[in-house]
Every structure is written in C-alpha cells, then in structure tokens.
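Structural description and commentary
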Amino acid sequence: MAIACADCGTEQDIPFMPVSTVAECVRCGRVLDSADSGITAALAWITALLFLLIAANAVPVGEVMLAGQTHIGYIASGVVELGSEDWPVLSLMFALFVIVFPIVRTGTLVMVLVAIWLRRRPHWLGRLYRLSQNLKLWSMPDVMVLAGLVIFARTQVQLNSQVLVGGWCLVAAAFLNMLVPWLLSPHHVWRKIMPDRNPPQNEAAMSCDACDLIVPLSMENTPCPRCRRVLWLRKPNALNRATALVLASYVLFFPAYYYPMSYSIQPNGVQPHTIISGVERLFSAGFWPAGIIIFSASILIPILKLIGLSWLLISVKLPTQRGLALRTRFHRLIHGIGRWSNTDPFIVALMGPMISFPSLANVHVGRAALPFALIVTLTMLASRFFDARLMWDAAYEHL
Ligand SMILES: [Zn+2]
Ligand SMILES: [Zn+2]
C-alpha cells in the first residue's frame, strides 16, 4: 500500500518490514513507518506510563530544608505559586504542559489501544488518536525532569534538598514517555484504525497531513475518512500564519532577554537574574552541566529556531532545489527541540514554592518569564503551521 510523506509530498510504497527496521522517505528521510513491539506490549507500557503520571501528580515530588524548616513541593505547587504571584497565563501554561496534556495524551492513547486490542472501531477512534498525536510535543514531563535536575544541582550546595516518591515517578514517566515512539509506530496504529489505500487510478491524489492516508484530490476540503481532519493539499495560510508568529516572537525577544527571569531575595538583598546573567552565574559557580543545559535551552535553541524559521520562510519566496532535503530535516529538528526551551520557565515555577523561607531565601518570578514562555510557544506553533512541502513546490515550479 502507498503512503505520501507529510514533509515533502512524495508517494512511496512501504515494503514488508522485518523486526527492528525503520522505513524512511527516499527524498527527505522522514520516518514513515517502523516495526514496533506490537499493540499488546505497547498497551501494557503506556498504561504503566499513565499510572506513573497520575502518581507523580498525587504525591510530593521533592523537599527542601533550611534552618530547621522543611518545604514539600507537589507539581501543582508550581501552578498555585504562579497564580498567586499574578501570572495567570504562565500558571495556565505550566498546568497544561506539565499536568493536563501528559495525562490527556497518555489517557487517550490507552483508550485507542484498548479499542484496537478489543477489535472495536468506533467512529471517534481516528479523531481521538489524532488528538493524542497532536498533544505529543506539548506534553512535557521530560522537560520538567530536566528542570528538576538543574534545580537539584543548583540548590544542593546551600540547601538540603531531596527527591521524593512523586519525583521518582515523574523521572520514570519521562523515561517511558521518551520510549513511546520505539514501542509504537504511529503508522501501525493508523493502519489498525483504517487500512492504507492505493492511489486512485484515473485521478490525481493527495494525502492527509495528520494520518498520511492517500485520497483522491477531489476530496479536498472534506474530512479525512480515517482521522476526520479536514483534507488540505497544503496547510491553509501556512506562510502567513508562520510569518506572523515568527515576527511576534522577534518582538518578544527584547523583554525576554532584557528583564529578569527571576529574583532571589536573601538576607544580603534582592538579586535579579536575567537569562544571560543566570547562565553566567551557573558557569562562574562551577555548575558546568547545568550551565550548558540552560545556555542550550534558553539561548541557543530559541535563537536557532527563530533564525531557522526565518530562513525556511524566505526559502519559499526565493526557491532553490539546493539543500531541499537538508532544509526539510532542519524543519523537523527545530519542530522537535523547541519544547526543551521551557526548562527555564519550569525552573522558575518550581523554585518559587520550594524556596520560600521568609527572611532567609525566596525566589520570585521575573518580568521576562512570560515573554520568554510565549516565544517558546509561538515558535512551536510557527513550526507546526509551516508546511515544508511549500519549499518543494516552489523549488520545482521554479524550474
Ligand atoms: Zn519526504
Ligand atoms: Zn487523516
């Protein structure tokens, strides 16, 4: 059966796949299908992941001790702290990325796999699996664990901090979450929901960009029979939407890097920390691994994403066939790594409730946290709205 690559539009047949093999697009290298461990094994692991996520939210993740006082922190403490410090948008983003989306993504995946396992095909199955797939990049237990690691490294010298059961559950959940793509091939699930089709004989074909189903071109603007997403030959308004979001991110760059990300209040006074001074402080205090993580997540990745997205947008307007596959791979890379930039906002959200010892040590959210978190979200949306196939169209039309 045929499949069309969602990144470059090439139609190709996927042969029978032996164990541990991966089928990549011949033109741009996108993983089209992989031989997974089967629905039953995946269902067992993903159900375990769901329980770990629920446990991580139900019990404390860590504790901090200073001068005889102990503070216990839950994941939800970050939501409450941001809300009480009058940062409702940050509080909502933290709640969605760290609590709601991971549980909804995993819960819906379990429901889809149970239905397939029971050989049921309710009409909402494709829609539910599409929702689960859409939430993949926006579920960030792994980013939260990285934030926790940096906090642990940074505070251990002055404060006595300890990871509790919830923290270990979150670490295990983050690890399992990263294994999901190896446990389960999305295309395997789509085929179980509805088999692939061969291209129509006497008509031009197009493919669904959510589930890769090949359909006749005449079906454009109608819902996909498999996942119910409206079928578009190319994503609508892709260039305008992505350009607007990239421009908004450039505007937010100044406040994000100029204002402090956080304030620490200690007996010797109030200390503001911008993103750049925070990285400098980590390196000068000898926390090299934490410094490299924050430098990469807060400076390198956002700049790489903004310049990269601008380059991709320009390359649609100035088409060339040179480096098309490279640019398509680059689009996939920046689409996948952008979420890691949330490390610093998550650190600030967690440090507030954990380090709250009146007259000894306090951490508060600074004015840069919101514009920075918005840059991360807007550039993630921009790379999602951008359609890499436009670069291929433009390059070949230009001939
Ligand atoms: Zn491709
Ligand atoms: Zn579809």
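Please read all numbers here as calculations on a predicted model, not as lab measurements.

**Here we look at the overall build of the chain**
The helix and strand tally for the chain stands at 14 helices and 13 strands. A principal-axis box enclosing the C-alpha atoms of the chain has dimensions of 80 × 50 × 35 Å. With 399 residues in all, the chain has 52% of them scored as buried. For the chain, the proportion of contacts with a sequence separation of at least 24, taken over those separated by at least 6, is 70%. With the model as given, the accessible surface of the chain reaches about 18300 Å², and the carbon-plus-sulfur share is 66%.

**Topic: helix α9 (residues 275–284)**
For α9, the complete set of buried residues consists of Ile 275, Gly 278, Val 279 and Leu 282. Along α9, the residues classed as buried sweep out an arc of 100 degrees about the axis, all on the same side. The outward face of α9, more than 90 degrees from its buried face, is lined by the exposed residues Glu 280 and Ser 284. Tucked into the core, α9 has its buried residues touching α5 (141–155), α8 (238–258), β11 (269–273), α10 (288–317), α12 (343–354) and α13 (369–385).

**What about unusual backbone geometry?**
With a phi close to 65 degrees, Asp 86 is a non-glycine residue in the positive phi region. With respect to the element layout, Asp 86 can be found in the loop between α2 (75–84) and α3 (88–117). Its identity is not glycine, yet Asn 237 carries a phi of approximately 50 degrees, on the positive side. Examined against the element boundaries, Asn 237 turns out to sit in the loop between β9 (214–216) and α8.

**Quick notes on the coordination of the zinc ion (ligand 1)**
Protein-derived coordination of the zinc ion (ligand 1) comes from Cys 5 (SG), Cys 8 (SG), Cys 25 (SG) and Cys 28 (SG), at a distance range of 2.3 Å. Read N to C, the donor residues that coordinate the zinc ion (ligand 1) are spaced as C-x2-C-x16-C-x2-C. Of the two residues, Cys 5 is situated in the loop between β1 (2–4) and β2 (11–13) and Cys 25 in the loop between β3 (22–24) and β4 (31–34); the sequence distance between them amounts to 20 residues. With respect to burial, Cys 5 and Cys 25 carry one shared label: buried.

**Things to note about the pattern of salt bridges**
If the charged atoms of two oppositely charged side chains come close together, the side chains can form a pair. Throughout the structure, instances matching the rule amount to ten salt bridges. Between Arg 389 and Asp 209 there is a salt bridge, with the nearest N and O atoms lying 3.7 Å from each other. In this pair, Arg 389 is assigned in helix α14 (residues 389–397) and Asp 209 in the loop between β8 (205–207) and β9, connecting sequence segments 180 residues apart. In this pair, the class of Arg 389 matches that of Asp 209, namely buried. The salt bridge partner of Asp 393 is Arg 234, with a shortest N-O separation of 2.6 Å.

**Regarding the coordination of the zinc ion (ligand 2)**
In the first shell of the zinc ion (ligand 2), the protein supplies Cys 208 (SG), Cys 211 (SG), Cys 224 (SG) and Cys 227 (SG), at 2.2 to 2.4 Å from the metal. Here the zinc ion (ligand 2) binds four donor atoms, and the angle range of 100 to 119 degrees at the metal identifies the geometry as tetrahedral. Counting along the primary sequence, the residues that act as donors to the zinc ion (ligand 2) give the motif C-x2-C-x12-C-x2-C. Across the pair, Cys 227 and Cys 224 agree in class, each one buried.

**Considerations on the domain arrangement of the chain**
By domain assignment, the chain separates into domain 1 (1–35 + 194–233), domain 2 (38–181) and domain 3 (235–399). Computed over C-alpha atoms, the centres of domain 2 and domain 3 are 21 Å apart. Between domain 2 and domain 3, the residue contacts involve 40 residues of the former and 39 residues of the latter. On the domain 2 side of the contact with domain 3, Leu 137, Trp 138 and Arg 154 bury the most area, a combined 18% of that side's loss. At the boundary of domain 2 and domain 3, one finds one salt bridge. The salt bridge partner of Asp 142 is Arg 339, with a shortest N-O separation of 3.1 Å. Along the contact surface separating domain 2 from domain 3 lie six residue pairs in polar contact (both at pLDDT 80 or more). Secondary structure elements with two or more residues in the side of domain 2 that touches domain 3: β5 (62–66), β6 (69–73), α2, α3 and α5. Tallying contributions element by element places α5 first for the side of domain 2 that touches domain 3, with ten residues.

**Examining the packing of helix α1 (residues 39–58) against α3**
Relative placement of two packed helices is described by the angle separating their axes and the distance separating the axes. Across the interface, α1 lies against α3 with an axial gap of 9 Å and an inter-helix angle of 150 degrees. In terms of axis orientation, α1 runs roughly antiparallel to α3. Crossing geometry of α1 relative to α3 is assigned as left-handed. Two secondary-structure elements touch here, α1 through Ile 39, Thr 40, Ala 42, Leu 43, Ile 46, Thr 47, Leu 49, Leu 50, Leu 53, Ile 54 and Asn 57 and α3 through Ile 99, Pro 102, Ile 103, Thr 106, Gly 107, Leu 109, Val 110, Leu 113, Val 114, Ile 116 and Trp 117. Here the contact of α1 with α3 is built from residues that sort into 17 nonpolar, five polar and no charged.

**Quick notes on the pairing of strand β13 (residues 361–365)**
Burial runs high along β13: four of the five residues are buried. Examined bridge by bridge, strand β10 (residues 262–266) and β13 share four bridges and lie antiparallel to one another. Looking at β13, one finds that Tyr 263 is bridged to His 364. With two bridges connecting them, strand β12 (residues 356–357) and β13 associate as antiparallel partners. Bridge pairing in β13 places Phe 357 opposite Ala 361. Here β12 hands over to β13 after three residues, with Ser 359 in that stretch at a positive phi of 65 degrees.

**Some points on the sheet that holds β13**
Read from one edge to the other, the open sheet built from four strands follows the order β11-β10-β13-β12, with strand pairing classed as antiparallel. The open sheet has two free edges, formed respectively by β11 and β12, since each of these has just one partner strand.

Calculation criteria
Residues numbered from 1 in each chain as written. Chains lettered and ligands numbered in written order. Predicted model: local features only at pLDDT ≥ 70, side-chain atom pairs only at ≥ 80, totals over all residues. Heavy atoms only, no water. Helix = DSSP H or I, 4+ residues; strand = E, 2+ residues; numbered from the N terminus. Buried < 20%, exposed > 50% of the residue type's maximum accessible area, 1.4 Å probe, protein only. Contact = heavy atoms within 4.5 Å. Areas by Shrake-Rupley, 256 points an atom, 1.4 Å probe, with all protein chains shown as cover. Arc of directions from axis to C-beta. Donors = N, O, S within 2.8 Å, 3.2 Å for Na, K, Ca; no water. Salt bridge = Lys/Arg side-chain N within 4 Å of Asp/Glu carboxyl O. Tetrahedral: all angles 85-135°; square planar, octahedral: opposite > 155°, others 65-115°. Domains from an automatic or database assignment. Buried area = accessible area lost by both parts, 1.4 Å probe. Polar contact = N/O pair within 3.5 Å; in protein donor to acceptor, adjacent residues only side chain to side chain. Axes fitted to C-alpha atoms, helices over the stretch in contact; angles between N-to-C directions. Parallel < 35°, antiparallel > 145°, perpendicular 65-115°, else oblique. Left-handed = near helix turned anticlockwise from the far one by under 90°. Nonpolar A, V, L, I, M, F, W, Y, C, P; charged D, E, K, R; others polar. Pairing = 2+ DSSP bridges.

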